[in-house]
Amino acid sequence: MDYAKLVAEALLQKGAFKISLSPLFTWASGIKSPVYCDLRALISDVSVRESVVEAFKAMKSDWSQVDCIAGTATAGIPWAAWLAEAVKKPMVYVRGEAKDHGTKRRIEGALTAGARVVLIEDHVSTGGSSVSAVTALRVEGGAVCDEILAINSYQLAKADAQFAEAKVKVTTITDYPTILTVAREKGTITEENEALLSDFRADPAVWAEKHGLN
């Protein structure tokens, strides 16, 4: 099954991946972007949810080599839970930052030192939060974590560099180019706009100014 295209279609249909050249979206970093991704829109659709979990399962031929599934807080938690249930593995989740009270831990759930962990993300942009979660699993949890599975990625060079430095492999169900291709096939964008949107990946920080957009 072509999960990449199936999930890309679902992202567009459910409004989880939005495209707009006017006005542009403003990311938390201040970057002016023609796209915005919020995969929480998928968790309420049972059919899409099942497809995503099946796609995650298909990413590994042997889940017996995995001891635990970890989810990133908050958006990765439901996907990690559904996948952990599907492959019958324990699950933990990683907070974005340590609690300022109680145990002050970032990792919630029972994690054994040396456990082989796969981290589940919903969406990867610059990769910073993903690498931070991997570091927490390794340092605080004593786990072996060198693999991330995600639903989607913008495939930005900055993210690739961070993952390479952290020595972690990232595999996604679908990606930015696939979503743009599906959007053009569905008539959501023109071929000209597809080229314009594709250029966003080259240097997001200057893309809007480069193309005279705001």
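(A) Spatial organisation of the pairing of strand β6 (residues 91-94). Side chains Val92 and Val94 of β6 all project onto a buried face; the interleaved residues Met91 and Tyr93 project onto a face where none is buried. Relative to β6, strand β5 (residues 68-72) is paired through 4 bridges, and the arrangement is parallel. Residue pairing in the sheet places Gly71 in a bridge with Tyr93 of β6. The parallel pair β5 and β6 is bridged by helix α3 (residues 77-87), and the resulting crossover is right-handed. With 2 bridges connecting them, β6 and strand β7 (residues 107-108) associate as antiparallel partners.

(B) Looking closely at the sheet that holds β6. With mixed pairing, the 6 strands of this open sheet are ordered in space as β7-β6-β5-β8-β9-β10. Edge positions in the sheet fall to β7 and β10 (169-172), since each of these pairs with one other strand and no more. Sheet contacts for helix α4 (residues 128-139): β5, β6, β7, β8 (116-124) and β9 (144-153); angle to β8, the most-contacted strand, approximately 160°.

(C) Seen up close, α3. Trp79, Ala80, Leu83, Ala84 and Val87 are the residues of α3 that are buried. Seen end-on, α3 carries its buried residues on one side only, within an arc spanning 130°. In the core, the buried residues of α3 are packed alongside α2 (46-58), β5, β6, β8 and β9. One or two positions beyond α3, positive phi appears at Lys88, with a value near 60°.

(D) How the structure looks around the pattern of salt bridges. Scanning the model with the defined rule gives 12 salt bridges in all. Lys186 is the salt-bridge partner of Glu9, the closest N and O atoms lying 3.8 Å from each other. Of the two residues, Glu9 sits in helix α1 (residues 3-13) while Lys186 sits in the loop between α6 (176-185) and α7 (191-198), which places them 177 residues apart along the sequence. Glu9 sits in the partly exposed class, given a relative accessible area of 28%. Residue classification places Lys186 among the exposed residues on the basis of a relative accessible area of 56%.

Cut-offs applied
- Residues numbered from 1 in each chain as written.
- Predicted model: local features only at pLDDT ≥ 70, side-chain atom pairs only at ≥ 80, totals over all residues.
- Heavy atoms only, no water.
- Buried < 20%, exposed > 50% of the residue type's maximum accessible area, 1.4 Å probe, protein only.
- Helix = DSSP H or I, 4+ residues; strand = E, 2+ residues; numbered from the N terminus.
- Pairing = 2+ DSSP bridges.
- Right-handed = clockwise from strand over helix to strand, strands pointing away.
- Contact = heavy atoms within 4.5 Å.
- Axes fitted to C-alpha atoms, helices over the stretch in contact; angles between N-to-C directions.
- Arc of directions from axis to C-beta.
- Salt bridge = Lys/Arg side-chain N within 4 Å of Asp/Glu carboxyl O.

On their own, these measurements won't tell you what the molecule is for.
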